[in-house]
Amino acid sequence: MWDYSEKVLDHYRNPRNVGKIDDADLIGEAGSLACGDSLKLFIKLDGEKIKDAKFLTFGCGSAVASSSILTEMIIGKTLDEVRKITNKDIADELGGLPQEKMHCSVMGQEALEDALKKYYGDDVEIGFRKESKDKVVCTCFNVTENQIWEAIKINGLKTVEEVTNYTKAGGACGRCKSVIQDILDTYYKKQEAGSKLTQTQKILKIGKVIEQEISPQLQKDGGDIELIDIEGNKVFVKLIGVCSSCKNASMTLKNFVESILKTKVDKNIVVEQVL
């Protein structure tokens, strides 16, 4: 038995905005009966504002709940505002979904994107990505490389199993699992390469974190911090005011400063206190 939130159960038992709009301005579709879940989203516009939205879905309770909450999320908003909605937003609005059911929230996002593409055109940038022609990775469920890449980026997915839970890719014959792993490896290699700072960037970031985050915290207790020097990953600071009057307190504050810099700048930073 899946562990559903009360909100998921409420929207499953009492779905909102079920049905179709005969004179809909936009219609978006996602999934297919062959894949086990399908969604058709109808949108009525008043200028660029969504006046009404309804849905028809075939699928499990999570699919119904995701579709229902999506209509509530978009009614009354402008098209520009709903362009930013991701599957994570849909799941969060429901109070969360089981990992194995996250693909239902993805289906909601994809139906919305399909509708918006008919308004803006195929090259519209929606959410975190720019829509373009994309190769299909999972032929069983017609999941593209771009959809997998986006699911990884938005939801922080780390394993092939998680990708399958969110997109269904790899959930049937499994032949595409090695390709999914390659996409994961490529994504995180790029992330790691992009996260490395030059020494100049590191120095500037350390100074900014100390000035904007660490110093204000210490000043609340009557203390402060002064950046003295930076050599590689060693950061030399002087704790002044109340901070420097007690050796034990100074050590505690040193650890506090080091912890923040490790988190915000580089995990290899070591803080040295200058007296």
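Attention here is on the structure that accompanies the text. (Residues numbered from 1 in each chain as written. Predicted model: local features only at pLDDT ≥ 70, side-chain atom pairs only at ≥ 80, totals over all residues. Heavy atoms only, no water.)

1. Some details on the pattern of salt bridges
- Applying the stated criterion to the full structure yields 14 salt bridges.
- In this structure, the salt-bridge partner of Arg83 is Asp80, at a minimum N-O distance of 3.7 Å.
- Between Asp92 and Lys88 there is a salt bridge, with the nearest N and O atoms lying 3.0 Å from each other. In this pair, Asp92 and Lys88 both sit in helix α4 (residues 87-93), 4 residues apart, roughly one turn of the helix.
- With relative accessibility at 36%, the residue Lys88 sits in the partly exposed group.
- It is possible to trace a salt-bridge network through shared partners that takes in Asp10, Arg16 and Glu72. (Salt bridge = Lys/Arg side-chain N within 4 Å of Asp/Glu carboxyl O. Helix = DSSP H or I, 4+ residues; strand = E, 2+ residues; numbered from the N terminus. Buried < 20%, exposed > 50% of the residue type's maximum accessible area, 1.4 Å probe, protein only.)

2. Some thoughts on the nonpolar core
- Counting residues in hydrophobic clusters, the biggest one holds 50 residues, and the most contacted among them are Ile43, Ile74, Leu112, Ile148 and Ile180.
- Every residue in contact with Ile74, bar those within four places of it in the chain, is listed here: Leu41, Ile43, Ile50, Ala53, Val82, Ile85 and Leu112.
- Listed in part, the 17 residues of the second largest apolar core include Ile206, Val209, Leu239 and Val265. (Core = buried A, V, L, I, M, F, W, Y, C linked by side-chain atoms within 4.5 Å. Contact = heavy atoms within 4.5 Å.)

3. Considering empty space enclosed by the protein
- Counted according to the given criterion, the structure contains 1 cavity of 30 Å³ or more.
- Of the voids in this model, the largest cavity is the one considered here, and its volume is about 80 Å³.
- As for the largest cavity, its lining consists of 10 residues, of which Val106, Gln109, Gln147, Glu150 and Ala151 are closest to the centre.
- Elements that contribute at least two residues to the lining of the largest cavity include exactly α5 (102-120) and α6 (145-155).
- Among the residues forming the lining of the largest cavity, the class breakdown is 3 nonpolar, 4 polar and 3 charged. (1 Å grid on protein atoms, 1.4 Å probe; cavity = no way out; pocket = protein on both sides within 12 Å on 5 of 7 lines; lining within 4 Å. Points joined across faces, edges and corners; volume = space filled by probe spheres on them. Nonpolar A, V, L, I, M, F, W, Y, C, P; charged D, E, K, R; others polar.)

4. Observations concerning the environment of Gly95
- Considering the arrangement of structural elements, one finds Gly95 in the loop between α4 and α5.
- Separated by 91 residues in the primary sequence, Gly95 and Tyr4 place their C-alpha atoms 8.6 Å from one another.

5. Concerning the environment of Ile90
- Here Ile90 shows up in helix α4.
- The sequence separation of Ile90 and Ser67 amounts to 23 residues, and the corresponding C-alpha distance is 8.9 Å.
- Apart from residues no more than four positions distant in its own chain, Ile90 is found in contact with Ser66, Ile69, Leu70, Met73, Ile85, Ser105, Gly108 and Gln109.

6. Structural notes on the packing of aromatic side chains
- A full pass over the atoms with the stated rule returns 3 aromatic pairs.
- Ring geometry for Tyr119 against Tyr120: centres 5.0 Å apart, planes inclined by 80°, an arrangement best described as edge-to-face.
- Classification of Tyr120 by relative accessible area gives partly exposed; the value is 30%.
- Ring geometry for Tyr187 and Tyr188: centres 4.9 Å apart, planes at 90°, overall edge-to-face.
- Through pairs of rings, three or more aromatic residues link up here, namely Trp149, Tyr187 and Tyr188.
- The positively charged end of Arg83 is found above the aromatic ring belonging to Tyr120, 4.6 Å away from the centroid. (Phe/Tyr/Trp six-rings, centres within 6.5 Å; stacked < 30°, edge-to-face > 60°. Lys NZ or Arg CZ within 6 Å of the ring centre and 35° of its normal.)

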